[in-house]
Amino acid sequence: MTRIAMIGGGPKCLFALLALNDGLEEYPDLEVRVDVYDPYPPGAGRVWNTKQPQELRLNVNPRIIDASSSLCSKTFNQWHARTGTGSDEVAYPPRALVGQYLAEQFDLLASQGSLHVQHRAVEATGINRRGALWEMESAQGTELYDEVVLATGHGLNGYLPPDSPEGSLPAAALTVECEPAMDAAVPAGSNVMLRGSALTAYDVVLHLTEGRGGTWDRISDEGMEALRYRPGGSEPASITMTSRSGIPMTPKPNERPRKLERILDHYRDKVRRWGEERHLNDAGKPASNTQMDALWRLLLSCAVACAEAMGAPLTENDLQTALQTGISTRMSAKPSPAEQLRESLQINHGRQSPSPEWLWGTVWSGLYSQLVEALSRISWTGEERKQFKVFAANLERMAFGPPEPTAMKLLALFNAGILKQEQLSHAGGSPTQVVVDAVTAPAGVLHLSQAPGAGASSLYRKLLAAGEVSIRAGERGLLTDTDGTCMDAAGERNEALAAIGRPTEDPTLGHDTLNRELHPEYENWARRIVRQLAASQEKVVH
């Protein structure tokens, strides 16, 4: 019997175990026991748990959600079709509903799959090597395993940044963790300051308004559909979102113009070829034009081509300014974040010509799959990594902002005078102010404020101190091989210890996604396990 410990029971864990279960179908005599360590029910995990408030909705098109397997062929949309109505509210369904789908797939795996799966509703606190085995520490004691997979996702519950003011509340406790005591700490009529102005902040805003009985009236705003907020009476008097930049996220359009797809297809091939050559270069087989500035020129060329196709009167300089600073001259001229948001919604509906933000969002999201593959595990120079972090942060804000239904609600709250957005350095105080840290734990396993090499939790601190895992200079995530196997401090494969998803962010990109097709590590891990078990069975037979 082979024993596997999965540390974290969210979607990445589910995808890996479904792939393993499918791979073992032709080996019915192999016995595999899996223990899933997660305080929350597995499949959904904490972020997608089924008890979170209904106003917390998916931020992407649900067509990407696919936990199908030999046990159930249904994607989320197929599973949900039995109750779908086709409205915007269904186009971006409650995250609790997505969690229900994921949890059901895990239950099917546990009840009908070939794996023997047990949920351990505790947090794993340590991993120690014991010869060829791994010893797992938790509140339930210690257990020995043949294989360990680190899939800890968004990290610890109740995360607060190290620079949080004393007495501030963690956003997750108000939203996904749904703690009544935290809700009570934000009384009706209070003034709330959110440290953060991205998707996590939007969750808090909607929970404190719509989640407290506020409703939305559909109205027309100069011929464009809009919303008006109708207070429920229990919301705060004011909510101020703050960030270091003060720049709002650009709302995603409901769909991309078809005429841009041919352009994007052309550049997808170019990005793919750049990535292939860069990896050859890293392997000691020099290839030409593989520096990061060549990739940025490629992306800029794509943005210019998209601008020309859309008839947008923009220059390369306009686009470069937005890339480098995070905001275009056009948007920075708007008097407030609310006006910037309104302009972005008008662009999405073709009522204004595309902005540099809209074009960069189209390029970054349209080429993202190829970029993830091209940049995976490349060897960065220090300057390349520094520049990439700045540009990528700007592009993420332009490409992966809120969907239109959420953006319309935010604009309605701006118009109602309840919602504001300011730079953190300009935010004022109030005697009745409640501070909420509307941020999530950083991706990877290092917090930026910590000393180099210090893990964000005891689990990773112990592994780093023992040299069982490694993190490259300038990065936050564990370095792994293409099958998720962790690379140790000596740069060698640490067999039987793997990491998938958010703990590996930086060497590999884009793990904040439910898109199962974007990262192949979980499938490669499952194939490795099946090969090893099949080989061991053949040895026994012969």
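See the structure shown above.
Quick look at the structure, then.

The rules we used
Residues numbered from 1 in each chain as written. Predicted model: local features only at pLDDT ≥ 70, side-chain atom pairs only at ≥ 80, totals over all residues. Heavy atoms only, no water. Helix = DSSP H or I, 4+ residues; strand = E, 2+ residues; numbered from the N terminus. Buried < 20%, exposed > 50% of the residue type's maximum accessible area, 1.4 Å probe, protein only. Contact = heavy atoms within 4.5 Å. Areas by Shrake-Rupley, 256 points an atom, 1.4 Å probe, with all protein chains shown as cover. Lys, Arg positive; Asp, Glu negative; His and termini not counted. Charge placed at Lys NZ, Arg CZ, Asp CG, Glu CD. Disulfide = S-S within 2.5 Å. Phe/Tyr/Trp six-rings, centres within 6.5 Å; stacked < 30°, edge-to-face > 60°. Pairing = 2+ DSSP bridges. Axes fitted to C-alpha atoms, helices over the stretch in contact; angles between N-to-C directions. Parallel < 35°, antiparallel > 145°, perpendicular 65-115°, else oblique. Nonpolar A, V, L, I, M, F, W, Y, C, P; charged D, E, K, R; others polar. Core = buried A, V, L, I, M, F, W, Y, C linked by side-chain atoms within 4.5 Å. Expected span 1.5 Å × (residues − 1). Arc of directions from axis to C-beta.

Below, the discussion takes up the overall build of the protein. Scanning the protein from terminus to terminus reveals 18 helices and 16 strands. Reported as C-alpha extents along the three principal axes, the dimensions of the protein are approximately 80 × 60 × 50 Å. Considering the protein as a whole, with its 542 residues, one finds that 54% of them fall into the buried category. Relative to all contacts within the protein whose residues are 6 or more apart in sequence, the contacts with residues 24 or more apart total 74%. Accessible area for the protein stands at about 23200 Å²; split by element, carbon and sulfur atoms hold 50% of it. Each charge sign in the protein was given a centre, from 53 positive and 66 negative side chains, and these centres are 2 Å apart.

Evaluation of the coordinates by the stated rule reveals zero disulfides. In this model Cys486 remains outside any disulfide bridge; the closest cysteine sulfur is found in Cys13, 15 Å from its own. On the basis of relative accessibility, which here comes to 0%, the residue Cys486 falls in the buried class.

This part is about the packing of aromatic side chains. Aromatic rings in a pair are described by how distant their centres are and how their planes are angled relative to each other. The tally for this structure, following the rule as stated, stands at 13 aromatic pairs. Look at Phe76 and Trp79: their rings are 5.7 Å apart centre to centre, the planes differ by 35°, and that puts the pair in the tilted class. Of this pair, Phe76 and Trp79 both sit in helix α2 (residues 76–80), three residues apart, roughly one helical turn. As far as burial versus exposure is concerned, Phe76 and Trp79 are alike and both buried.

Once that is clear, we can look at the sheet that holds strand β14 (residues 433–437). The sheet built from five strands is open, its strands ordered β8-β14-β9-β12-β13 with parallel pairing. A strand with exactly one partner marks an edge of an open sheet, and here the two such strands are β8 (169–170) and β13 (419–423). By the bridge criterion, five bridges tie strand β9 (residues 191–195) to strand β12 (residues 238–243) in an arrangement that is parallel. Bridge pairing in β12 places Asn191 opposite Ser238. Its contacts with the sheet place helix α16 (residues 404–415) against β12 and β13, and it is angled at close to 90° to β13.

Right, let's talk about the sheet that holds strand β4 (residues 124–130) for a bit. Sheet architecture is open: three strands sit in the order β4-β5-β6, paired in antiparallel fashion. Bordering the open sheet on either side are β4 and β6 (141–145), each of which pairs with just one other strand. Sheet twist, expressed as the average angle between the axes of neighbouring strands with direction ignored, equals 25°. In this structure, strand β5 (residues 133–138) lies alongside β6, joined through five bridges in antiparallel fashion. Directly across from Met136, in β6, lies its bridge partner Glu143. Packed onto the sheet, helix α17 (residues 458–465) meets β4 and β5 and runs at close to 25° relative to β4.

For the rest of this paragraph, the subject is the packing of helix α8 (residues 261–282) against helix α14 (residues 368–375). Their axes nearest at 8 Å, the elements α8 and α14 cross at an angle of 5°. Taken together, α8 and α14 sit at an angle that is classed as roughly parallel. Contact residues: Arg268, Val271, Arg272, Trp274, Gly275 and His279 in α8; Gln370, Leu371, Glu373, Ala374 and Leu375 in α14. Grouping the amino acids of the contact of α8 with α14 by side-chain chemistry returns five nonpolar, three polar and three charged.

Another aspect to go through is the nonpolar core. Ranked by internal contacts, the top residues of the largest apolar core, which has 46 residues, are Leu299, Trp360, Trp364, Leu367, Leu375 and Phe388. Contributions of two or more residues to this core are made by α8, α9 (292–310), α10 (316–325), α13 (356–366), α14 and α15 (382–399). Of the residues forming this core, the biggest block, eleven residues, is contributed by α9. Val36, Leu58, Leu97 and Tyr101 belong to the second largest nonpolar core, which has 41 residues in total.

This part takes up α8. Counted at 1.5 Å a residue, the expected span for α8 with its 22 residues is 32 Å, and the 31 Å between its end C-alpha atoms agrees. Turning to α8, its buried residues number three or more, namely Ile263, Leu264, Tyr267, Arg268, Val271, Trp274, Gly275 and Arg278. Angularly, the buried residues of α8 cover 135° about the axis, an arc narrow enough to put them on a single face. Among the residues trailing α8, Gly284 stands out with phi positive, at a value near 90°.

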